[in-house]
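These are the residues of each chain, in order.
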Amino acid sequence: QVQLEESGGGLVQAGDSLRLSCGASGITFSNYAVAWFRQAPGKEREFVAAIRWSANTYYADSVKGRFTISGDRVQNAVYLQMNTLKTEDTAVYYCAAGRAIVSTIRNPNAYNYWGQGTQVTVSS
């Protein structure tokens, strides 16, 4: 049974930082593309960042330069370092793993496994 579990969310002020973690059981992350998506109330789920274990990383324009995705093969974990947080970053953040390729890396349908999400709230 595959399980992904996110942690690290919370309530912070604009300009603060948070680090989200995603751990997995039942799969080896390095065999998949792993991504972070987020969903704000009333909005569609949107791509945030992804990593392919060739060391390629991908970012949404809205987070580029502020967020950094990284992976740890030994820990079988993926992290999302979020700096200079803005109120518009408020959302539930989901970790996902799948056989995404470059052309589908931003498409949630390319990911088979999802975590339950962790809430990030940024206050002004």
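Structure shown above.
The shown structure was predicted, so the numbers you read here are calculated from the model rather than taken from an experiment. What you see as residue numbers is a count from 1 along each chain, following the sequence as written. With pLDDT at 70 or above as the cut-off, local features in this predicted model cover only qualifying residues; side-chain atom pairs require 80 or more to be listed or tallied, and sums for whole chains, interfaces and linings still use all residues. Where side-chain values are given, they derive from all heavy atoms of the structure, hydrogens and water being excluded.

S.K.: So, the pairing of strand β3 (residues 18–25): which residues are in play, and what are the values?
M.R.: Looking at chain direction, strand β1 (residues 3–7) and β3 are connected through 5 bridges and run antiparallel. Of the residues in β3, the one forming a bridge with L4 is A24. In short, DSSP must find at least two bridges between two strands for them to pair. Secondary structure follows DSSP: runs of H or I at least 4 residues long count as helices, runs of E at least 2 residues long count as strands, and numbering of each begins at the N terminus. Bridging between β3 and strand β8 (residues 77–82) involves 6 bridges; their strand directions are antiparallel. In the sheet register, R19 faces β8, and the bridge partner there is Q81.

S.K.: Mind laying out the packing of aromatic side chains, listing which residues take part and the relevant values?
M.R.: Working definition: a ring pair exists when centres of Phe, Tyr or Trp rings (six-membered ring for Trp) sit within 6.5 Å. Plane angles under 30 degrees give stacked, over 60 give edge-to-face, the rest tilted. Counted under the stated rule, the structure contains 6 aromatic pairs. When the ring of Y32 is compared with that of Y113, the centres are 5.9 Å apart and the planes differ by 80°; the resulting orientation is edge-to-face. Here Y32 is found in the loop between β3 and β4 (33–39), whereas its partner Y113 is found in strand β10 (residues 113–114), with 81 residues between them in sequence. You can call Y32 buried: its relative accessible area is 12%. Relative accessibility decides the category of a residue: with a 1.4 Å probe and only protein chains considered, values under 20% of the type maximum give buried, values over 50% give exposed, and everything between is partly exposed. The exposure class of Y113 is partly exposed, given its relative accessible area of 27%. Grouping aromatic residues by their ring pairs yields a cluster made of F37, F47, Y94, Y111 and W114. Look at NZ for Lys and CZ for Arg. If either is within 6 Å of the ring centre and within 35 degrees of the ring normal, a charge sits over the ring. If you follow R45 out to its NZ or CZ, it ends over the ring of W114, 4.7 Å from the centre. Here R99 stacks its cationic end above the ring of Y32, 4.2 Å away from the centre of that ring.

S.K.: Go over the sheet that holds strand β7 (residues 67–72), please, and point to the residues and values.
M.R.: Taken together, 4 strands build an open sheet; the order of strands is β1-β3-β8-β7 and the sheet is antiparallel. Two strands lie at the open edges of the sheet, namely β1 and β7, each paired on one side alone. Across the sheet, the mean angle separating the axes of adjacent strands is 15° when strand polarity is ignored. To define axes, lines are fitted to C-alpha atoms, for helices over the stretch in contact only, and angles between the resulting N-to-C directions are given on a 0 to 180 degree scale.

S.K.: Lay out the environment of G98 in plain terms, naming residues and giving numbers.
M.R.: Mapped onto the secondary structure, G98 falls in strand β9 (residues 91–98). Its relative accessible area of 0% is what places G98 among the buried residues. C-alpha of G98 to C-alpha of N109: the two residues are 11 residues apart in sequence and 9.0 Å apart in space. By definition, residues are in contact when any of their heavy atoms lie within 4.5 Å. If near-sequence neighbours (up to four positions away) are discounted, G98 is found in contact with Y32, A33, A110, Y111 and N112.

S.K.: Can you tell me about the side chain of S21, naming the residues and giving the values?
M.R.: With respect to the secondary-structure elements, S21 resides in strand β3. Setting aside chain neighbours within four positions, we find S21 in contact with E5, E6, S7, W36, V78 and Y79.

S.K.: Can you explain the state of the cysteines? Please cite residues and give values.
M.R.: The definition used for a disulfide is geometric: two cysteine sulfur atoms within 2.5 Å. Scanning the model with the defined rule gives 1 disulfide in all. The disulfide bridge from C22 ends at C95, spanning 2.0 Å between sulfur atoms. Measuring handedness by torsion sign, the sulfur bridge of C22 and C95 sits at about -80° and is left-handed. You can see C22 sitting in strand β3 and its partner C95 sitting in strand β9, a full 73 residues away along the chain. Residue C22 shares its accessibility class with C95, and that shared class is buried.

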